[in-house]
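Summary of structural features
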Amino acid sequence: FFTDAHGMSRKPSARLDDYSDTILKKIEWIGEYSRENHIEAVLCGGDLLDSPDVSETFIRKMCMILKSFPCPIYTVIGNHDEYGYSPDTFNRTTLGVAEGVGVLNRLYLDKEQIIGDFNITGQDSDFDLDKGEHYVYKYSNSKRVADKINVHVVHGMLVEKEWPMVSCTTIDEVVKACPNADIILSGHEHTGFGIIERYINGRKVIFCNPGSLGRITSSTGDLRKDVRVAQIETSNGDFSVSLVSLPLTIAKPASEVINWEEIALEKANKKKSQAFIDKIQNAKI
């Protein structure tokens, strides 16, 4: 499982390297790792692309790499993969074209996808996903499939603790709703919380967000030291999730690829903008 590659042809201002080439090499590494370790399926947590209409040159290169994978690829739709937080726009996006010609497969909340020992479902990004307890059900399979490990992939703001001024869903809220899933894999939040194991009515449930594959901003998540994917394994009906770091030759440390001067400028501009807004708001009329 990987998430938030944010593939694009342009170079983000916060990067020093050729970001397009770097992200393609990371995806290529995932394919090679899958072949060497006999992986049955690759799952993506959304935002495979940075916009719904990336260049034809970039998507051609990406699709050629994805087609070389030794196993099928399944994904949910991230907010960057669609227009206006609407999954209904998917068919007219670049990623939608790739899915339409069979390069990858789309996961659904109410449609079972059986792969070996697993039942896999997914939830796309949508405007209401993190708007309160009425939508927590979207963070789990619609129903359990007996004798299968139920995995759910979601592109939503799943976090350990509530974030101020940000719409999010906490792990505790999902646990309280007694999810049908055994494993919940999430994207969207770039920092990632790694692996968190909980027990619900005596049943083990694992939550995992390994963090974003692509690092494109000055946020804490994009400045972390390592880039990781998650690997799910099963044996005799039990299951486990582990994190695998990409080699530094493929995912170089932030100190080598992040443009610190640009980040400092970005922070300074944000500070000036906020000061200007505060001045207007405090002005007497």
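Everything that follows concerns the structure shown earlier in this document.
Only a predicted model underlies this, so the values are computations on that prediction, with no experimental measurement involved.

What to know about the side chain of Arg 215
Looking at the secondary structure, you find Arg 215 in the loop between strand 11 (203–209) and strand 12 (228–235). In terms of polar contacts, Arg 215 uses its side chain to reach the backbone carbonyl oxygen of Lys 252, at 2.3 Å.

Notes on the nonpolar core
As a rule of thumb, nonpolar side chains are buried together in soluble globular proteins. Counting 37 residues, the largest nonpolar core has Phe 2, Leu 48, Met 62, Leu 66 and Leu 213 as the members making the most contacts within it. Secondary-structure elements contributing two or more residues to this core are helix 1 (19–36), strand 1 (42–44), helix 2 (56–67) and helix 3 (94–100). If one sorts the elements of this core by residue count, helix 1 sits on top with seven residues. Apart from the residues lying within four places of it in its own chain, the contact partners of Leu 66 are Ile 27, Leu 48, Ile 73, Val 103 and Leu 104. Counting 19 residues, the second-largest nonpolar core is a separate cluster that includes Tyr 74, Leu 107, Cys 208 and Val 241.

Thoughts on the packing of aromatic side chains
Each aromatic ring pair is specified by the distance between its two centres and by the angle formed by the two planes. As enumerated under the stated definition, the model contains one aromatic pair in all. Over the face of the ring belonging to Phe 127 we find Lys 131, whose NZ or CZ atom lies 3.7 Å from the ring centre. Across from the ring centre of Phe 239, 4.5 Å away, lies the NZ or CZ of Lys 204, which sits over that ring.

Things to note about the side chain of Asn 141
Looking at the element boundaries, Asn 141 is found in the loop between strand 5 (118–123) and strand 6 (149–154). A distance of 3.2 Å separates a polar atom in the side chain of Asn 141 from the backbone oxygen of Val 151. Those residues in contact with Asn 141 that sit more than four places away from it in its chain are Asn 119, Thr 121, Asn 150, Val 151, His 152, Asn 180 and Ala 181.

Brief notes about the pattern of salt bridges
One pass over the structure, following the stated rule, counts nine salt bridges. In this structure, Asp 238 and Lys 204 form a salt bridge, with 3.1 Å as the shortest nitrogen-oxygen distance. Linking Asp 238 in strand 13 (residues 238–245) with Lys 204 in strand 11, this pair joins segments that are 34 residues apart in sequence. Within this structure, Arg 144, Asp 182 and Arg 203 form a network of salt bridges that share partners.

About the criteria used
Residues numbered from 1 in each chain as written. Predicted model: local features only at pLDDT ≥ 70, side-chain atom pairs only at ≥ 80, totals over all residues. Heavy atoms only, no water. Helix = DSSP H or I, 4+ residues; strand = E, 2+ residues; numbered from the N terminus. Polar contact = N/O pair within 3.5 Å; in protein donor to acceptor, adjacent residues only side chain to side chain. Core = buried A, V, L, I, M, F, W, Y, C linked by side-chain atoms within 4.5 Å. Buried < 20%, exposed > 50% of the residue type's maximum accessible area, 1.4 Å probe, protein only. Contact = heavy atoms within 4.5 Å. Phe/Tyr/Trp six-rings, centres within 6.5 Å; stacked < 30°, edge-to-face > 60°. Lys NZ or Arg CZ within 6 Å of the ring centre and 35° of its normal. Salt bridge = Lys/Arg side-chain N within 4 Å of Asp/Glu carboxyl O.

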